[in-house]
Amino acid sequence: MNLFVGRFTYITGSHILIFTDGSVFNGPVGSGACAAVLFPASDTEDIQTFTNAVGSKVSSIDCEVAGILLGINTAIDYFHSCESQQTIENVL
């Protein structure tokens, strides 16, 4: 099944899609945070959102990099959970 997210299309069942963002509040240096949104491989799973505070005196670049790292870790955690689920299904 194809899923359309804005201008992007990806095939559910074989791919995941993760969007990341990082930003700073009130100027070029300030309080910053990042987020990652995971569109899972299965169309029966819910879209997952993750956020992290980055710091109080950070740049937007720091926040963007933290968002990318959050996205990478989110993908790793997702695939580990898929492997764990597959192992449980194989045992049952």
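None of the values given here were measured: they were computed from a predicted structure.

Overview of the overall build of the protein chain
Of regular secondary structure, the protein chain possesses 1 helix and 5 strands. Counting helices and strands in the order they occur from the N terminus, the protein chain gives β-β-β-β-β-α. Out of the 92 residues belonging to the protein chain, those deemed buried represent 24%. Considering only contacts in the protein chain between residues 6 or more positions apart, those separated by 24 or more positions represent 47%.

Observations regarding the confidence of the model for the protein chain
On average, residues of the protein chain score 83 in pLDDT, and 74% of them reach the 70 mark or higher. Ranking the elements of the protein chain by mean pLDDT puts strand 1 (residues 2-5) last, at 55, and strand 5 (residues 48-59) first, at 95. Contacts from residues 88-92, a stretch scored under 50 in pLDDT, to residues over four places away or in other chains number 0 contacts.

Some details on a nonpolar patch on the surface
A cluster of nonpolar side chains, Ile61, Val65, Ile68, Leu69, Ile72 and Ile76, forms an exposed patch at the surface whose accessible area comes to about 550 Å². By the secondary structure assignment, Ile68 is in helix 1 (residues 60-91).

Quick notes on the packing of aromatic side chains
Following the criterion strictly, the structure yields 2 aromatic pairs and no others. Here Phe19 and Phe39 contribute two aromatic rings whose centre-to-centre distance is 5.9 Å and whose plane-to-plane angle is 85°, an arrangement assigned as edge-to-face. Of this pair, Phe19 sits in strand 3 (residues 17-25) while Phe39 is found in strand 4 (residues 29-39), placing the two residues 20 residues apart along the sequence. Residue class for Phe39 comes out buried when judged on its relative accessible area of 11%. With a centroid separation of 5.4 Å and an interplanar angle of 75°, the aromatic rings of Tyr78 and Phe79 are classed as edge-to-face.

Describing unusual backbone geometry
Phi is positive for Asn26, close to 70°, though the residue is something other than glycine. Here Asn26 lies in the loop between strand 3 and strand 4. Given a relative accessible area of 66%, Asn26 falls into the exposed group.

Considering the sheet that holds strand 4
Within a sheet, adjacent strands bond to each other through the backbone by hydrogen bonds, running parallel or antiparallel. The strand order across the open sheet formed by 3 strands is 3-4-5, and the pairing between neighbours is antiparallel. If you trace the sheet from one side to the other, it starts and ends with strand 3 and strand 5, each paired once. Ignoring which end each strand starts from, the neighbouring axes of this sheet average 15° apart. One ladder, built from 9 bridges, connects strand 4 with strand 5; its direction is antiparallel. By the bridge assignment, Val29 is partnered in strand 5 with Ser59.

Analysis parameters
- Residues numbered from 1 in each chain as written.
- Predicted model: local features only at pLDDT ≥ 70, side-chain atom pairs only at ≥ 80, totals over all residues.
- Heavy atoms only, no water.
- Helix = DSSP H or I, 4+ residues; strand = E, 2+ residues; numbered from the N terminus.
- Buried < 20%, exposed > 50% of the residue type's maximum accessible area, 1.4 Å probe, protein only.
- Contact = heavy atoms within 4.5 Å.
- pLDDT = per-residue confidence, 0-100.
- Patch = residues over 30% accessible without salt bridge, like charges linked within 9 Å, V, L, I, M, F, W, Y side chains within 5 Å.
- Areas by Shrake-Rupley, 256 points an atom, 1.4 Å probe, with all protein chains shown as cover.
- Salt bridge = Lys/Arg side-chain N within 4 Å of Asp/Glu carboxyl O.
- Phe/Tyr/Trp six-rings, centres within 6.5 Å; stacked < 30°, edge-to-face > 60°.
- Pairing = 2+ DSSP bridges.
- Axes fitted to C-alpha atoms, helices over the stretch in contact; angles between N-to-C directions.

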